[in-house]
Amino acid sequence: MLRHVTRRLVVRAGGSWHELAAKSHSSPRSLSSLLGKPLPSSSRTIRKPQWRIQHVRMMSDYPPHFRIDMPALSPTMEAGTIVSWSVSEGDELGEGDLLAQIETDKATMDFEAPEVGYLAKILVPSGTPDVKLGVPVCIIVEDKDDIAKFANYEPPAADAAPAAAPAPEPTPEPTPEPVAAPPPPPPSAPPTPPPAAAAPPPVTLTTPPPQPAGSPRIMASPMAKALAARRGIDLSQVVGSGADGVIRAADVEAAPVAAPAAAAAPVAAAPAAAAPAVAAPPVVAPDGSFTEIPLTGMRKAIAKRLTQSKQEIPHYYLTIEVVLDELLSVRSQLNSEGTGKFKLSVTDFLIKASSKALLDVPAANSQWADTCIRQFHNTDISVAVATDSGLITPIVFTANNKGLKQINSDMNELKNKAVEGKLQPNEFQGGTFTISNLGMMGIQHFTAVINPPQSCILAVGAPEKKMVPADNEKGFVVQTVMNVSLSCDHRVVDGAVGAQWLDSFKGYLEKPLNLLL
């Protein structure tokens, strides 16, 4: 008996994904028949879903079921880790119910159930790292009575998680057929072996022989004793030139070096085997002197992308000093008038000034695309946010169309999501320009690594008070200044272009009322 449900069906046709709201049988047969028909006019085109159902299996050993594969939750995701399953085997699922939490290369994200039914089998336990895309992670069935039939289910070998390939067994060499041995050569006198080359004598550290009991004490400086030990010189045979006959290093250097015993006449007999040298024991780190921290997906992605950036992008750096006194005054005035509804930060002004400068110098709002330079019309500003699991760059989209209040609201929401690990891929992937502000941590100056495929990143230092010469009674004024450094991709942004951008950026910060124009 087929069960009718109202469901959302996602199909692909003509290179696009379409969503059908249709009353259909929940049987896989009805699904297959529907996919073979033209799309009705009521369908609508949507973005490619984040999940993927490999296909509906019809096998003799198992009833109809849905096999759910590891989804691509971000465009750069190659593998993921199932942090936890939100349901257990046998639980009923509604479409859109939280199925699991998956750690991608950027964040930990919720994975919703793509089908209604029952979770029959979990194929990848929680905590399994680096599960490749397309690997089956669970089985969903429509009939509760079918759950028990999947207790011992194993995915086909071709679809299972890749395992280390076993080492190939060595191929035995073919046994050659016996061949008659040639007759032995006539006896002859054994050839005279050539004289063996004398092996260089090993370098050894010779210590002076111990003095017999009752012999007079030898007075020598520590350096002289060490030098005599290295050269194998008996200090009792050296006359000291120091006070009271003390042997000095110069006396040891002037003393003749005795010929080594190995220089005696050669002996025809084979020499005795030399005693093996005692190797120094390896230095072993004591237990607990270090801790190996497993790499998260985010840390791997950071390492891969930033290594790629430094290897492939020709960086250069420009630094300029900005006076902030007027900006800080305007910020204080706006926050006072806001009566607690908002609290603008310096970063909000930096985002807006960067956006305005990118419109003034559009060449800096571009990316290298191998066959062309892609120049953007809107300014999507990525802002680096530090989290416990690593650095992530949520994006303030179309900052050129937003005021300071809206930028502040967007940033507060994005920072909270980043810290809680709840950012969605569309909130941190993309961007045309990045700001990294370490000034709040007291860093005066630094240069940042470009976030590919972007062409520029701005490194912001901490504000500091500085005395500047002035034509007044004191002869100086105290200003609040800040250093900013622009890292540029020289393939896209020439030095002059970077300098023009910094000049425009500096003008907006030092005259912040221009941000309102």
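Residues numbered from 1 in each chain as written. Predicted model: local features only at pLDDT ≥ 70, side-chain atom pairs only at ≥ 80, totals over all residues. Heavy atoms only, no water.

A. Region of the structure containing the sheet that holds strand 9 (residues 108-112). With antiparallel pairing, the four strands of this open sheet are ordered in space as 9-8-6-11. Looking at the sheet topology across the chains shown, the edges are occupied by strand 9 and strand 11 (131-132). Of the pairings in the sheet, the one linking strand 6 (residues 79-85) to strand 11 comprises two bridges and is antiparallel in character. Residue Ala 79 lies in a different strand from strand 11, and its bridge partner there is Lys 132. (Pairing = 2+ DSSP bridges. Helix = DSSP H or I, 4+ residues; strand = E, 2+ residues; numbered from the N terminus.)

B. Expanded view of the nonpolar core. In this structure, Ile 351, Phe 433, Leu 458, Trp 501, Phe 505 and Leu 509 are the most contacted members of the largest nonpolar core, which totals 49 residues. The greatest single-element share of this core, amounting to seven residues, is contributed by helix 6 (residues 346-360). Setting aside anything within four residues of it in sequence, one finds Trp 501 in contact with Ser 354, Ala 357, Leu 358, Val 361, Ala 364, Phe 433, Leu 458 and Leu 486. In terms of nonpolar packing, the next biggest core, distinct from the first, is built from 23 residues, Phe 66, Val 87, Leu 99 and Val 135 among them. (Core = buried A, V, L, I, M, F, W, Y, C linked by side-chain atoms within 4.5 Å. Buried < 20%, exposed > 50% of the residue type's maximum accessible area, 1.4 Å probe, protein only. Contact = heavy atoms within 4.5 Å.)

C. Inspection of the side chain of Asp 380 at higher detail. With respect to the helices and strands, the residue Asp 380 is situated in the loop between strand 15 (373-375) and strand 16 (381-383). Lys 402 provides the closest opposite charge to the buried, unpaired Asp 380, separated from it by 7.7 Å. Side-chain polar atoms of Asp 380 contact the backbone nitrogen of Thr 398, separated by 2.8 Å. Aside from chain neighbours lying at most four places away, what touches Asp 380 is Ile 395, Val 396, Phe 397, Thr 398, Gly 431, Thr 432 and Phe 433. (Lys, Arg positive; Asp, Glu negative; His and termini not counted. Salt bridge = Lys/Arg side-chain N within 4 Å of Asp/Glu carboxyl O. Polar contact = N/O pair within 3.5 Å; in protein donor to acceptor, adjacent residues only side chain to side chain.)

D. Inspection of unusual backbone geometry at higher detail. Following Pro 452, the chain continues into Pro 453 via a peptide bond in cis, with omega recorded as 10 degrees. Considering the arrangement of structural elements, one finds Pro 453 in the loop between strand 20 (433-437) and strand 21 (456-460). Phi at Asp 130 is positive, roughly 55 degrees, even though this residue is not glycine. By the element assignment, Asp 130 lies in the loop between strand 10 (117-122) and strand 11. In the Ramachandran plot, Asp 370 falls in the positive-phi region, its phi being about 70 degrees despite a non-glycine side chain. Checked against the element boundaries, Asp 370 lands in the loop between strand 14 (366-368) and strand 15.

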